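Listed below, chain by chain, are the residues.
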Amino acid sequence: MATATYPPPPPYYRLYKDYSENPNSARLQVKEPTFVSTEDVLPSLEEQGVPQLYPNDSIVDYKKELRSLNRELQLHILELADVLVERPSQYAKRIGDISSVFKNLHHLLNSLRPHQARATLIHIVELQIQQRKQAVEDFKRRREEVQRLLKDAFITLDGQ
């Protein structure tokens with residue numbers, strides 16, 4: 001029974017058998033790298049075909065606008081309940097209004113995501129700094145304890 005020191009090569013080595021003679025002989029081609037932007041880009045509501053229900057200012061009071069949209073959503077849901085009781089055939093417009101309010105709420109919340117991510121990272125880094133400072137203090141305390149024990153041991157050994 002013959003045994004090999006190394007396992008056989010994988011079967012795809014045959015794809016490159018003439019590579020040393022002709023580098024273009026390989027059937028597999030390397031793709032060009034694709035670059036993905038890391039820019040925070042949130043498409044506007046107009047690009048999505050949704051009417052914007054809050055002011056389009058550079059400075060938005062998120063708390064005020066979210067409360068306003070939440071109240072508007074509650075009003076539209078009550079109107080939908082009325083319409084379903086009195087005129088069930090006219091519910092589609094109310095559903096469209098509710099959908100528009102939900103999309104505006106969702107857009108406002110998504111525009112806060114970068115701020116939330118930054119705040120989360122800041123919190124994580126602050127915790128790591130605190131843990132490392134605590135570890136350094138622990139090392140210092142243990143070093144002082146070991147130095148005290150060594151000093152006591154030297155004193156004990158010198159006294160004998």
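Below or above, wherever it landed, is the structure these notes cover. (Residues numbered from 1 in each chain as written. Predicted model: local features only at pLDDT ≥ 70, side-chain atom pairs only at ≥ 80, totals over all residues. Heavy atoms only, no water.)

This brings us to the overall build of the protein chain. When helices and strands are counted, the protein chain shows three helices and zero strands. Ordering the α and β elements of the protein chain from the N terminus gives α-α-α. Out of the 160 residues in the protein chain, the part that is buried amounts to 12%. Long-range contacts, defined as pairs at least 24 residues apart, comprise 60% of the intrachain contacts of the protein chain with a sequence gap of at least 6. Of the roughly 14,300 Å² of accessible surface on the protein chain, a fraction of 57% belongs to carbon and sulfur atoms. (Helix = DSSP H or I, 4+ residues; strand = E, 2+ residues; numbered from the N terminus. Buried < 20%, exposed > 50% of the residue type's maximum accessible area, 1.4 Å probe, protein only. Contact = heavy atoms within 4.5 Å. Areas by Shrake-Rupley, 256 points an atom, 1.4 Å probe, with all protein chains shown as cover.)

Counting 12 residues, the largest nonpolar core consists of Leu45, Val50, Tyr54, Val60, Leu66, Leu69, Leu73, Leu80, Ile98, Val101, Leu105 and Leu108. Contributing elements (two or more residues each) for this core: helix H1 (62-86) and helix H2 (91-111). Dropping the residues within four chain positions of it, Val50 is found in contact with Leu45, Ser100, Lys103 and Asn104. (Core = buried A, V, L, I, M, F, W, Y, C linked by side-chain atoms within 4.5 Å.)

Next up on the list: H2. Counted at 1.5 Å a residue, the expected span for H2 with its 21 residues is 30 Å, and the 31 Å between its end C-alpha atoms agrees. Inspection of H2 places Ile98, Ser100, Val101, Asn104, Leu105, His107 and Leu108 among the buried residues, and these make up the whole buried set. (Expected span 1.5 Å × (residues − 1).)

It is at 9 Å that the axes of H1 and H2 come closest, and there the two elements cross at 160°. In terms of their interaxial angle, H1 and H2 are classed as roughly antiparallel. Every pair of crossing elements has a handedness; the one defined by H1 and H2 is left-handed. By residue class, the composition of the contact of H1 with H2 is 16 nonpolar, four polar and five charged. (Axes fitted to C-alpha atoms, helices over the stretch in contact; angles between N-to-C directions. Parallel < 35°, antiparallel > 145°, perpendicular 65-115°, else oblique. Left-handed = near helix turned anticlockwise from the far one by under 90°. Nonpolar A, V, L, I, M, F, W, Y, C, P; charged D, E, K, R; others polar.)

Structurally, the position occupied by Ser100 is in helix H2. With residues up to four places along the chain from it excluded, the contact list for Ser100 reads Val50, Pro51 and Leu53.

Turning to a nonpolar patch on the surface, a few remarks are in order. Among the surface-exposed residues, Val146, Leu150, Phe154 and Leu157 lie close enough to one another that they form a single nonpolar patch of about 420 Å² accessible area. For Val146, the position within the fold is in helix H3 (residues 113-159). Accessibility expressed as a relative area gives 48% for Val146, which makes it partly exposed. (Patch = residues over 30% accessible without salt bridge, like charges linked within 9 Å, V, L, I, M, F, W, Y side chains within 5 Å. Salt bridge = Lys/Arg side-chain N within 4 Å of Asp/Glu carboxyl O.)

The next subject is the side chain of Glu65. Residue position: Glu65 is located in helix H1. Residue classification places Glu65 among the buried residues on the basis of a relative accessible area of 7%. Setting aside residues up to four positions removed in sequence, Glu65 forms contacts with Tyr54, Pro55, Val60 and Leu108.

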